[in-house]
Amino acid sequence: MELSRKDSGEGMADLGELSRATHPVEAGGELRMAFQPILDVARGSVYAYESLARRPGGTSAADVFLGLEGQELSRMERRLAWEAMAAAARLQLPGYLCINLGSTLLGNEAALSYLADMADRAGLSPGRIVWEFPEHLPIDVPSWVASHKVLRDAGFRTALDDLGAGYASLSVLAAYVPDLVKLDMRLVQGLSAAGHRVRRKVVGHVAAMALDLGAEVVAEGVETAEDAEALLKLGIYLQQGYLHGRPIVPSTEEDGATGAAERAASVP
């Protein structure tokens, strides 16, 4: 499938301009990037950080997308991508950086190609960035496959987010293999309970299939030591959730890798 070559914004906006307010709902344009660690439990180290937009005070900024469409939505999605890269570079965070791929970027070759320029200007290697394909959108498999190829050709890594929820289905894995498969928290939470033997088998088989295809597997929503141990027994050692660290908004511009990484990876 041929991707659209049309940029869905008013040209590729200046990156400094993307860091300013783009919509009145933004409370003065104040958005900060929070980072939640993904731990390699087997090695006891941070594998990656996922970037999440937050309001002042650390609350979710999901409402910034309300009422946005067209160019405004495109600008907001690219703004958050840029903010994530710039903040991760400034903080010198170790490991990979996981960023949610905006809906206006999927299938848009010009916008996808511009992400490499963003990474270069932020000082990050594309090989350190993992773009998470969203599960809440209906899956146009040819478009997803083409977008995956554009990102891979630019040196990026890709992930299928929240497998087991929304539109994230096994049909995607039959079409292309991402670098990461992230299991939805509804498959993960309570996995260790005695009454969830069947779910453990399902999770174990899905993880084994993904690993056999060459993808790494991340379990999301890990909140108890019992679930973490059950996952480890299934060979799922990459884990993300409150047990391993909450999303942390760096307190100051000078809050670098040591402070931010240690606080994000600390068990609450």
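The present account deals with the structure reproduced in this document.

Rules used throughout
Residues numbered from 1 in each chain as written. Predicted model: local features only at pLDDT ≥ 70, side-chain atom pairs only at ≥ 80, totals over all residues. Heavy atoms only, no water. Axes fitted to C-alpha atoms, helices over the stretch in contact; angles between N-to-C directions. Helix = DSSP H or I, 4+ residues; strand = E, 2+ residues; numbered from the N terminus. Parallel < 35°, antiparallel > 145°, perpendicular 65-115°, else oblique. Left-handed = near helix turned anticlockwise from the far one by under 90°. Contact = heavy atoms within 4.5 Å. Nonpolar A, V, L, I, M, F, W, Y, C, P; charged D, E, K, R; others polar. Polar contact = N/O pair within 3.5 Å; in protein donor to acceptor, adjacent residues only side chain to side chain.

Turning to the packing of helix α3 (residues 109-122) against helix α4 (residues 141-153), a few remarks are in order. Running from N to C, α3 and α4 point in directions that differ by 25°, and their axes come no closer than 9 Å. In terms of orientation, α3 lies roughly parallel with respect to α4. Crossing hand, α3 versus α4: right-handed. Between α3 and α4, the residues in contact are L112, S113 and L115 and S147, V150 and L151, respectively. Of the residues assigned to the contact of α3 with α4, the class counts are four nonpolar, two polar and no charged.

If you trace the backbone, K182 turns up in strand β6 (residues 180-183). Polar contacts involving the side chain of K182 include one to the side chain of Q240, which spans 3.0 Å. If sequence neighbours within four positions are ignored, K182 has contacts with I38, E50, E132, L160, D161, D162, L163, V218, E220 and Q240.

This brings us to the packing of helix α2 (residues 70-91) against α3. The description of two packed helices rests on the angle between their axes and on the distance between the axes. It is the contact of α2 with α3, at a shortest axis distance of 9 Å, that shows an interaxial angle of 30°. What the angle tells us is that α2 and α3 run roughly parallel. Judged by the sense of rotation from one axis to the other, the crossing of α2 with α3 is right-handed. Contact with α2, carried on its side by R78, A81, W82, M85, A86 and A89, involves L115, M118, A119, R121 and A122 of α3 and no other residues of that element. Each residue belonging to the contact of α2 with α3 can be placed in one class, and the counts come to nine nonpolar, no polar and two charged.

Within the element layout of this structure, S51 appears in strand β2 (residues 45-54). Look past the residues within four positions of S51 in its chain and what remains in contact with it is M33, A34, F35, A84, L97, C98, I99 and N100.

Remember that the coordinates give geometry; whether it matters functionally is a separate question.
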